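# Commentary on secondary and tertiary structure
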Amino acid sequence: MECVFGLVGKGFAIVVADTSAVHGILVHKTNEEKIMKLDSHKLIAASGEGGDRVQFSEYIHKNVALYQFRNGIPLTTSAAANFTRAELAAALRKLVGVVFVQNPYAVNILLAGYDNHTGPSLYYIDYLATLHKVDKAAFGYASYLSLSMMDTHYHAGMSLQEAIDLVDKCITEIRSRLVVAPPNFVMKIVDQHGARECAWRQSLPSASPTFC
Amino acid sequence: MSRRYDSRTTIFSPEGRLYQVEYAMEAIGNAGSAIGILSKDGVVLVGEKKVTSKLLQTSSSTEKMYKIDDHVACAVAGIMSDANILINTARVQAQRYTYAYQEPMPVEQLVQSLCDTKQGYTQFGGLRPFGVSFLFAGWEKNFGFQLYMSDPSGNYGGWKAGAIGANNQAAQSILKQDYKDDITREEAVQLALKVLSKTMDSTSLTSEKIELAEVFLSPSGKVKYEVCSPEALNKLLVKFGVTQPATDTA
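All of these numbers come straight from a predicted model, not from anything done at the bench.

### Focus on the interface of chain A and chain B
If you look at the interface, chain A gives 9 residues, while chain B gives 10 residues. Buried surface at the junction of chain A and chain B, summed over both partners, amounts to about 840 Å²; 54% is from carbon and sulfur atoms. It is Tyr67, Ile73 and Asn82 of chain A in chain A that bury the most area against chain B; as a group they hold 44% of the surface buried on that side. Linking chain A with chain B are 0 salt bridges.

Following this line, the structure appears as structure tokens:
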């Protein structure tokens, strides 16, 4: 029942993820951070199998950092998204000896970033290495409920308050219409000032949220 | 005494020198020269052609200049067959980057990657180094127009103006005197041709003996690499006074 969605506004991109770490019917914790700061101006929101999610996000994070150390310049959001997609694609058809072995990462990703010349952008990358540059996107059961909400209310160049209001509308839909809706959500934003946490929406107060 | 340490390419001499690398640079010192100049609005490359026989079938291919990717080109000096291998390697590296990142490879990263390859041949494998020096000219959105020079050791540097091949020291000293930071592309062409005419053996330049290429931005903002046609080159040579005009046009 993982919910990850995001949208691009005027000069910023916002991504929202639920914060439940679930194993079967057991909820391990309700303040799990699924949106990682990839570098100063990028966020990666990942949903999927627990081990793969963290493993893959960390792998991309370290490679993005290595690029910056090696070359003195950060990757653009587009380059980082394409690199991420390529890593997912490579794992789908790995040649081992004479046969192709599938070892896919079961992770869906929304990559949001801000570049100085091109502004904010959002990339949809699914576990089969589909890549789309989009204005709004959602993964998981959330997509059934939030995409139509966003289709109705989204317009290009939304202000931060308008975007947060739309996010709240989506969260309300998820809470009211999804049979096992996650109780808590975190919103993170990236704009010219960088990537940072924006707000939490908690219907179940948990221990103080962990910060990256 | 040093002869004892020549045959193995990947060991130091007692004085701390790598003889094979130095000998490779000697080989390049006998090859046709090439000069590169960085200007505000482009990079200019000129090269001295060594193969000037009338029997040579002229085609559209060049002897000294090669395009690595849409935004990077190079001039070579040294053993041509070695150069071909490295040019192909550079082309593959550039495409591999674009395949991964869907963006043109930053010029310095391309140069660095190729130089890492060259360095490998000075440290392991027991193979001789490549007998080629390069002048790389390119443009990318991070740092604009750039010029890099690399040699068989795998060292490279970013330059405002540089020369490789025969008489490169003489060429470099003239460039040091005459180069100015705000030089335009047209002035750079003139300077490059002037320096080449001073350092080449022949008395006058013709389009048969030299090549000229430029990396610049078109009005629409796209990077362009253009090799000057022989006709246009001849006109330039006459204009800058580095050649005698053909007697039958007098």
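### Notes on helix 1 (residues 19-29) of chain B
All of the buried residues along helix 1 of chain B are Tyr19, Gln20, Val21, Ala24 and Ile28 of chain B. The inward-facing, buried residues of helix 1 of chain B contact strand 4 (72-78), helix 3 (107-123) and strand 5 (132-140) of chain B.

### Focus on the pairing of strand 14 (residues 194-202) of chain A
Residues and elements named next belong to chain A. Pairing between strand 13 (residues 184-191) and strand 14: 8 bridges, direction antiparallel. By the bridge assignment for strand 14, Asn184 is matched with Gln202. With antiparallel pairing between neighbouring strands as the criterion, strand 13 and strand 14 make up a hairpin whose turn holds 2 residues.

### Points about the packing of helix 4 (residues 168-178) of chain B against helix 5 (residues 185-199) of chain B
Residue and element names in this part refer to chain B. Running from amino to carboxyl end, helix 4 crosses helix 5 at an angle of 145°, the nearest separation of the two axes being 10 Å. In terms of crossing hand, the pair formed by helix 4 and helix 5 is right-handed. Listed contacts from helix 5 to Ala170, Ala171, Ile174, Leu175 and Asp178 of helix 4 are Leu191, Lys194, Val195, Lys198 and Thr199. Partitioned by chemical class, the residues of the contact of helix 4 with helix 5 number 6 nonpolar, 1 polar and 3 charged.

### Description of the sheet that holds strand 14 of chain A
Residue and element names in this part refer to chain A. What the 5 strands build is an open sheet, ordered 12-1-2-13-14; its pairing is antiparallel. Each edge of the sheet is formed by a strand with only one pairing partner; in this case those strands are strand 12 (136-140) and strand 14. In this sheet, adjacent strand axes meet at a mean angle of 15° when their direction is disregarded. On the sheet, helix 3 (residues 141-153) packs against strand 1 (3-8) and strand 12 and is oriented at approximately 160° with respect to strand 12.

What counts, and at which threshold
- Residues numbered from 1 in each chain as written.
- Chains lettered and ligands numbered in written order.
- Predicted model: local features only at pLDDT ≥ 70, side-chain atom pairs only at ≥ 80, totals over all residues.
- Heavy atoms only, no water.
- Contact = heavy atoms within 4.5 Å.
- Buried area = accessible area lost by both parts, 1.4 Å probe.
- Salt bridge = Lys/Arg side-chain N within 4 Å of Asp/Glu carboxyl O.
- Buried < 20%, exposed > 50% of the residue type's maximum accessible area, 1.4 Å probe, protein only.
- Helix = DSSP H or I, 4+ residues; strand = E, 2+ residues; numbered from the N terminus.
- Pairing = 2+ DSSP bridges.
- Axes fitted to C-alpha atoms, helices over the stretch in contact; angles between N-to-C directions.
- Left-handed = near helix turned anticlockwise from the far one by under 90°.
- Nonpolar A, V, L, I, M, F, W, Y, C, P; charged D, E, K, R; others polar.

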